[in-house]
Amino acid sequence: MYPLHRPRRLRTTPAMRRLVSETEVRPRQLVLPMFVKEGLTEPSEISSMPGVLQHTRDSLRKAAVEAVQAGVGGLMLFGVPAERDAVGSAGTDPDGVLNVALNDLRAELGDSTVLMSDCCLDEFTDHGHCGVLAADGTVDNDATLQAYGELAVAQARAGAHVVGPSGMMDGQIAFIRNALDAAGFTDTGILAYAVKYASAFYGPFREAVESQLAGDRKTYQQDPANAREAMREVQLDLAEGADMVMVKPALLYLDVLRAVAEVSDVPVAAYQISGEYAMIEAAARNGWLDRERSILESLTSIRRAGADIVLTYWAVEAARWLDR
Ligand code: PBG
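Residues numbered from 1 in each chain as written. Predicted model: local features only at pLDDT ≥ 70, side-chain atom pairs only at ≥ 80, totals over all residues. Heavy atoms only, no water.

A short note on the overall build of the protein
Part 1 of the argument: Per the secondary structure count, the protein includes eleven helices and ten strands.
Part 2 of the argument: For 324 residues, the compact-globule estimate of 2.2 N^0.38 gives 20 Å, and the protein sits close to it at 20 Å.
Part 3 of the argument: The C-alpha extent of the protein, read off along each of the three principal axes, is 75 × 45 × 40 Å.
Part 4 of the argument: If you take every contact in the protein between residues at least 6 apart in sequence, the share linking residues at least 24 apart comes to 75%.
Part 5 of the argument: Approximately 14,900 Å² of the protein is accessible, and the part contributed by carbon and sulfur atoms is 50%.
Part 6 of the argument: For the protein, the distance from the average site of its 31 positive side-chain charges to the average site of its 45 negative ones is 12 Å. (Helix = DSSP H or I, 4+ residues; strand = E, 2+ residues; numbered from the N terminus. Rg over C-alpha atoms; globule rule 2.2 N^0.38 Å. Contact = heavy atoms within 4.5 Å. Areas by Shrake-Rupley, 256 points an atom, 1.4 Å probe, with all protein chains shown as cover. Lys, Arg positive; Asp, Glu negative; His and termini not counted. Charge placed at Lys NZ, Arg CZ, Asp CG, Glu CD.)

Below is the structure:
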């Protein structure tokens, strides 16, 4: 008796494996998240994200040009302001760090890439929450919506093609859509962080933006135990006018990503977050993982699970590998 079925036949040579490969990762599908810090004179490496920098205004411009030349599909900008207050005023200030950077990059790059901006208050508030606080210290959903509307308009005015609301307030997509339209920015898109879990794996990002958060975000970000409410969040964001929806983190939530990809009628993104980056970098540094293979396998898995677009701190390096 011989085995009737021999799946190994399709794995015999590199050419055969290439022919039957189901999933591709292309540079154009990758979006590079970038950090720009106000008042910085030299770019500064984030210790828990080796290889990722807080940029100066100038170094950001150069790195963005390089990323576009490497073929990445877009850039997602985060600002680290010099001054923070309770309501995150620096976010709407046209001279605020993120808006200045958007302006610079739009002037430099025009429409040659898709410029995206984090549309959230946490980088700008002194308490570090993603919204404004009510008198009792809880995050005030509806007051925060007002702030998000102004933030989105400021970012669109500064040059963002797409705003990325990441604060998980109820009704944020509809509110932002309406604010953008009312200000004449009908072509500015919304990448909705539709599904965002209260994850321990955002740790290194908090260092990157020098977050002053005490406590957690569990009253607005989702419980990692729940998949059903992820589908509800996606349905709401689609109904509210999201142009793209995102699942975040990526690797720990591939089941959710697959489920979202099956129902979404708009492009689906996944954010390979700071902790996912840090895990692989740390293991590779110890010689415990093959760095390049691990990175490419992780990106392939996120694509296989259903992401059309992947936000990843390895976007530029991966784009170069993929172009070889
Ligand atoms: C909030 C925001 C966060 C990230 C992106 N946008 C942090 C948070 O929700 O605590 C995390 C990204 C990462 O970890 O790489 N503005």
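Comments concerning the packing of aromatic side chains
Describing an aromatic ring pair means giving the distance of the ring centres and the angle of the ring planes.
Part 1 of the argument: Enumeration over the complete set of coordinates arrives at nine aromatic pairs.
Part 2 of the argument: Measuring from ring centre to ring centre gives 5.1 Å for Phe78 and Phe205, while their planes differ by 80 degrees; the resulting arrangement is edge-to-face. Of this pair, Phe78 sits in strand E4 (residues 74-80) while Phe205 sits in helix H6 (residues 203-208), placing them 127 residues apart in sequence. Across the pair, exposure class does not vary: Phe78 and Phe205 are buried alike.
Part 3 of the argument: Between Tyr197 and Tyr253, the aromatic rings sit 4.1 Å apart at their centres with planes inclined by 10 degrees, giving stacked as the arrangement. Of this pair, Tyr197 sits in the loop between strand E7 (189-196) and H6 while Tyr253 sits in the loop between strand E8 (244-248) and helix H8 (254-263), and the two are 56 residues apart along the sequence. Residues Tyr197 and Tyr253 agree in their burial class; the two are buried.
Part 4 of the argument: By way of ring pairs, the aromatic residues Phe35, Phe78, Tyr193, Phe205, Tyr271, Tyr277, Tyr313 and Trp314 are connected into one cluster.
Part 5 of the argument: We note Lys196 situated over the ring of Tyr202; from NZ or CZ to the ring centre the distance is 5.5 Å. (Phe/Tyr/Trp six-rings, centres within 6.5 Å; stacked < 30°, edge-to-face > 60°. Buried < 20%, exposed > 50% of the residue type's maximum accessible area, 1.4 Å probe, protein only. Lys NZ or Arg CZ within 6 Å of the ring centre and 35° of its normal.)

Overview of H8
Part 1 of the argument: Looking at H8, one finds that the buried residues are Leu254, Val256, Leu257 and Val260. In an axial view of H8, the angular spread of the buried residues amounts to 155 degrees, which keeps them on one side of the axis. For H8, the exposed residues lying more than 90 degrees away from the buried face are Asp255 and Glu262. (Arc of directions from axis to C-beta.)

Some remarks on the environment of Val25
Part 1 of the argument: Note on placement: Val25 falls in the loop between helix H1 (14-20) and strand E1 (30-37).
Part 2 of the argument: On a C-alpha basis, the gap between Val25 and Ile309 in space is 9.4 Å, while along the polypeptide they are 284 residues apart.
Part 3 of the argument: Residue contacts for Val25: discarding those within four places in its chain leaves Leu30, Leu299, Thr300, Arg303 and Leu322.

What about the packing of helix H9 (residues 274-285) against helix H10 (residues 291-304)?
Part 1 of the argument: The N-to-C vectors of H9 and H10 enclose an angle of 160 degrees; their axes lie 9 Å apart at closest approach. Viewed along their axes, H9 and H10 adopt a mutual orientation that is roughly antiparallel. In this structure, H9 meets H10 at a crossing whose hand is right-handed. Between H9 and H10, the residues in contact are Ile280, Glu281 and Ala284 and Arg291, Ser294, Ile295 and Ser298, respectively.
Part 2 of the argument: Partitioning the contact of H9 with H10 into residue classes produces three nonpolar, two polar and two charged. (Axes fitted to C-alpha atoms, helices over the stretch in contact; angles between N-to-C directions. Parallel < 35°, antiparallel > 145°, perpendicular 65-115°, else oblique. Left-handed = near helix turned anticlockwise from the far one by under 90°. Nonpolar A, V, L, I, M, F, W, Y, C, P; charged D, E, K, R; others polar.)

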